[in-house]
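# Observations on the three-dimensional arrangement
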Amino acid sequence: MLGSVVVCRTCYSLYVNYSQSGGIWISITWREKHREMDPNSVKSTLSNLALGNVMAAAARDYQKELLAQGKAQASTSVNQEVDLDELMDDPELEKLHSERIAALKKEAEKRQTLKNRGHGEYREVTEGDFLGEVTGSEKVICHFYHREFYRCKIMDKHLRPLAPKHIDTKFIKLDAENAPFFVAKLAIKTLPCVVLFRNGVATDRLVGFQDLGGKDDFTTKTLEALLTRKGIISEGKRDEEDEEEDYNENKRQTVRSSSSVNIGSDSD
């Protein structure tokens, strides 16, 4: 029963009882001690009853709203799952995935081809192999060195880690003492000399350490930046070794010279 009014005819007492299903109970009781009923008091009590009905209606609406929200959330969750399934079957996404796989496969094949041509490592070549090496790749860095020159060993130390990092460029070294023809042909007079080749043509060179500060304590990062500016290697990603290379890698040492060949050392 939502609401009831009972009047006791003996004492003229007025009892108002109200109940709301769903766990909420409201009880309003009013008693008139006088035999004559006060119309204003009765009116006030009936108004309270009306307020109780409003509260009950609001409670029912709130409960319905909560139920509706619960159903909506469940529906949204289902829709999200459906949308995800549809996304997995999206032809555009599948196309992008296939293109990415193809690009990775192509890159892997390119790297393997370059490795087959001698890229990815710092190698020594002979005078007989030299011409085929510099014409067989688009970009080649060749270090003309002498076994007894200390600065040539410094250059070796910095070129070696750059070879696997910049696989698009071939890194080789040639003993100048055993390659007199190309030394004369390229007019190499000071060692170390790093000659840069593009499509078999010598386009630039590093003579001694002139472009590296003129000192022995330059870093691999400094050499890499110089070669990048010259366009013979591409700018690569920084790695942990680059981060740790903020200190001088070598102490200054006296460069040994040799008179066994008619080529001067950069340290002379």
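Remember, predicted model here, so these are calculated numbers, not experimental data.

## Focus: the packing of aromatic side chains
All chains considered together, the criterion is met by 5 aromatic pairs. Centre to centre, the rings of Phe-130 and Phe-182 are 4.6 Å apart; their planes meet at 55°, and the pair counts as tilted. Taken as a pair, Phe-130 in helix α3 (residues 127–135) and Phe-182 in helix α5 (residues 180–185) lie far apart in primary sequence, 52 residues in all. A relative accessible area of 2% means that Phe-130 is categorised as buried. Geometrically, the ring pair formed by Phe-209 and Phe-218 is edge-to-face, given 4.9 Å between the ring centres and 75° between the ring planes. A relative accessible area of 4% places Phe-218 in the buried class. Three or more aromatic residues joined by ring pairs form one cluster here, namely Phe-130, Phe-144, Phe-181, Phe-182 and Phe-197. Over the aromatic face of Tyr-145 sits the side chain of Lys-173, whose NZ or CZ is 4.3 Å from the ring centroid.

## So, the sheet that holds strand β4 (residues 122–125)
Taken in spatial order, the 5 strands of this open sheet run β4-β6-β5-β8-β9, and their pairing is mixed. Each having just a single partner strand, β4 and β9 (201–207) make up the two edges of the open sheet. Put simply, the sheet's adjacent strands are angled 25° from each other on average, direction ignored. Packing against the sheet, α3 makes contact with β4, β5 (139–145), β6 (170–175) and β8 (193–198), and its axis sits at approximately 155° to β6. Packing of helix α4 (residues 150–165) onto the sheet brings it into contact with β4, β5, β6 and β8, and relative to β5 it is tilted by some 155°.

About the criteria used
Every chain is numbered independently, its residues counted from 1 as its sequence is written. The predicted origin of the model limits local features to residues at a pLDDT of at least 70 and limits the giving and counting of side-chain atom pairs to 80 or more, whereas totals for whole chains, interfaces and linings rest on all residues. The side-chain values count all of the structure's non-hydrogen atoms but skip hydrogen atoms and water molecules. Note on aromatic pairs: the rings of Phe, Tyr and Trp (six-membered ring only in Trp) are paired at centre separations within 6.5 Å, and the planes decide the class, stacked below 30 degrees, edge-to-face beyond 60, tilted for the rest. Only DSSP runs of H or I covering at least 4 residues are called helices, and only runs of E covering at least 2 are called strands; the numbering of each starts at the N terminus. Exposure classes here rest on a 1.4 Å probe applied to the protein chains alone. A residue is buried below 20% of its type maximum, exposed above 50%, and partly exposed in between. Definition used: whenever NZ (Lys) or CZ (Arg) falls within 6 Å of the ring centre and also within 35 degrees of the ring normal, the charge is taken to sit over that ring. Should DSSP find at least two bridges between two strands, the strands are taken to pair. Lines fitted to the C-alpha atoms define the axes, with helices restricted to the stretch that makes contact. Angles between their N-to-C directions range from 0 to 180 degrees. We call two residues in contact whenever any of their non-hydrogen atoms come within 4.5 Å of each other.

Geometry only, nothing functional implied.
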